[in-house]
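# Remarks on the overall topology
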Amino acid sequence: DKSSNGKSRTNVSYHYNPEASRYHYGTLHPMKPFRLMLTDHLVISYKLYEKMDLYTPRRATKEELLEFHAEDYVNFLQTASPHTKLSDQVLAQFNIGDDCPIFDGMYDYSTIYAGASLDATRKLISGMSDIAINWSGGLHHAKKYEPSGFCYVNDIVLSIINLLRVHPRVMYIDIDLHHGDGVQEAFYTTDRVMTVSFHKYNGEFFPGTGSVDEVGLGKGKNYAINVPLRDGIDDESYTRLFKSIMEPLITKFQPTCIVQQCGADSLGYDRLGCFNLNIRAHGDCVNFIKSFGIPMLVVGGGGYTPRNVSRLWCYETSVLNDVNLDPKIPNYLATYDWFGPDYSLHPQLDGRIDNKNSKKYLESVKQEILEQIRYLNH
Ligand code: ZLV
Ligand code: CA
Ligand code: ZN
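What counts as what
- Residues numbered from 1 in each chain as written.
- Chains lettered and ligands numbered in written order.
- Predicted model: local features only at pLDDT ≥ 70, side-chain atom pairs only at ≥ 80, totals over all residues.
- Heavy atoms only, no water.
- Axes fitted to C-alpha atoms, helices over the stretch in contact; angles between N-to-C directions.
- Helix = DSSP H or I, 4+ residues; strand = E, 2+ residues; numbered from the N terminus.
- Left-handed = near helix turned anticlockwise from the far one by under 90°.
- Contact = heavy atoms within 4.5 Å.
- Nonpolar A, V, L, I, M, F, W, Y, C, P; charged D, E, K, R; others polar.
- Pairing = 2+ DSSP bridges.
- Donors = N, O, S within 2.8 Å, 3.2 Å for Na, K, Ca; no water.
- Tetrahedral: all angles 85-135°; square planar, octahedral: opposite > 155°, others 65-115°.
- Buried < 20%, exposed > 50% of the residue type's maximum accessible area, 1.4 Å probe, protein only.
- Salt bridge = Lys/Arg side-chain N within 4 Å of Asp/Glu carboxyl O.

### Observations concerning the packing of helix α9 (residues 279–290) against helix α10 (residues 306–320)
Where α9 contacts α10, the two axes come as close as 9 Å, and the packing angle between them is 30°. Of the two elements, α9 crosses α10, and the hand of that crossing is right-handed. Contact residues: α9 offers I279, R280, H282, G283, V286, N287 and K290, while α10 offers N308, R311, L312, Y315, E316, V319 and L320. Broken down by class, the residue content of the contact of α9 with α10 amounts to 6 nonpolar, 4 polar and 4 charged.

See the structure below:
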C-alpha cells in the first residue's frame, strides 16, 4: 500500500464490538466497560475512522479460549450466573469474589473482548494490518484455571499463542499500573516470548508479583523483565526509563511482532492509581515502540477514571495513525458532557502525588535490567 509520496504506508486497524461496553461488573466495582463507548465516541468525533480499517469482530469461540484456559474453568465461566447459587467451595476454587464477581453476561463479555484481540491478531498474521488496536482487550491477570484482578479470560496470552504460529519471537510490553502477571506466567519458561512490565511494586500492591529478580526459568531465563516502581512517578522519569530499557531490549531480542498493553491506570488522577503520568507521556511510550516499525498488537487494560481512559486511548489511536488532533474535544460528541469543564483532550493530570522514585532508585533499577539484557543470547 503506497501513499501519494510513494512511501509505503502503515496500515492500522481498529477492532471494536460495541456490545463490550454494555456489561456491568456491579455498581461499586471500579471496572467500567462503559469507558469503551466513551473511547469509541472520541475516536469517531475526531474522524479517525478515515485513517484506519474498522472491524466489528465476532466473539471468540469456546475452542479458541481452550488454547490457553482449562476446560473445567471455561465450562464454569460459561454456566455460572448471578441467579444460580454456587457452593463456597466452587466460588473459592475459581477465585470468585469482589474483584472478579459473577455478573450477568460475564462469559459473553469475555468472548467479546477476546474475540476482538484474536481478530486483530488475524489481521497482523495475514499482513493486512501493521498495527491492530483493541481497546477492549488487555486483561493481563487472567490465569489458565481462574480469573484474577477483573480479568476472566487472558486475551493477550491467547493472541500471543496465535502469533507464535508464524512469529519466531514476540515481545510483550505492559505499561498498565499493575504487574502483567498472567502473561508473564504463561510464557515464563520460553525464550520465544519476552515479557516486560512496568508497574507499581512494593511486595503488597496487587497482584504482589513483579520484583526485578523475577527473570524467567529454564530456557526462559532472562526473558521476563520487571520494572518495579514507587508511587508518583512523573512523565520525564517514566519515559526516560522506558526508552533506555526498551531500546537495547528490542535491538537485542529482535522481536518479529510486539504486543503492547496500554493500561490507563498509570495516568495521574486514576481512581485506583498512584502514578503521575500525563496523557502525552503515556502516548510517547506507544509512539516510541511504533518507531521501530515492527508489527504491533495494541490493547487496553486497566483505567478507572473513564473520561481520562477514553482521552488516552483516543490520543493513542491518533499517535498510531500519525495524526495530530486538536486538543479541543469536538462539541458534537454525544458524550461531550463527560469531558467538562475543560473539554480538552489533554487536561493536566500530574502533581497530585509525591514522586517517591529517587534518581538513585531509578538508576539502580535501570542498571540491574541493563545487566540482565547483557545475558541474552539472541
Ligand atoms: O488494571 O476491588 O487488591 C487490569 C488491571 O491490572 C486486590 N485487588 C485484592 C487483593 C485483595 N483484594 C481486594 C479485594 C477488593 C475487591 C474489590 C475494589 C473495589 C473498589 C475499589 C477498588 C478495588 C480494588 N481491587 C482495587 N485494587 C483491587 C485489586 C485488583 C486490581 C486489578 C487491576 C486490574 C484490568
Ligand atoms: Ca504493567
Ligand atoms: Zn491495572
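### Regarding the sheet that holds strand β1 (residues 12–15)
Spatial ordering of the open sheet is given by β2-β1-β3-β8-β7-β4-β5-β6, a layout of 8 strands whose pairing is parallel. Edge positions in the sheet fall to β2 (53–55) and β6 (224–229), since each has one partner strand and no second. In this sheet, neighbouring strand axes are inclined to one another by 15° on average, regardless of whether the strands run parallel or antiparallel. Across 5 bridges, strand β4 (residues 170–174) lies against strand β5 (residues 193–200) in parallel orientation. Paired with V170 across the bridge in β5 is V193.

### Section: the coordination of the calcium ion (ligand 2)
Note on metal sites: the ideal angle is 109.5 degrees for four tetrahedral donors, and 90 or 180 degrees for six octahedral donors. For the calcium ion (ligand 2), the protein coordination sphere consists of D174 (O), D174 (OD), D176 (O), H178 (O), S197 (OG) and F198 (O), at 2.4 to 3.1 Å. One can describe the site at the calcium ion (ligand 2) as irregular: its 6 donor atoms subtend angles covering 69 to 164° at the metal. Summarised as a motif, the one-chain spacing of the donors to the calcium ion (ligand 2) is D-x1-D-x1-H-x18-S-F. On the criterion of sequence distance, the pair formed by D174 in strand β4 and S197 in strand β5 is long-range, its members being 23 residues apart. Overall, D174 belongs to the buried group, its relative accessible area being 0%.

### Examining the pattern of salt bridges
Tallied over the full model, the rule gives 12 salt bridges. Among the salt bridges present, the one from D231 reaches K200, with a minimum N-O distance of 2.5 Å. Residue D231 is found in the loop between β6 and α8 (235–253), and its partner K200 is found in strand β5; the two are separated by 31 residues along the sequence. For D231, a relative accessible area of 25% corresponds to the partly exposed category. The class of K200 is buried, set by a relative accessible area of 11%. The shortest N-O distance in the salt bridge between D322 and K290 comes to 2.9 Å. Placement of the pair is D322 in the loop between α10 and α11 (359–374) and K290 in helix α9, with a sequence separation of 32 residues. Taking relative accessible area as the criterion, D322 reaches 58% and is therefore assigned exposed. One salt-bridge network, in which partners are shared between bridges, spans R58, E64, D119 and R122.

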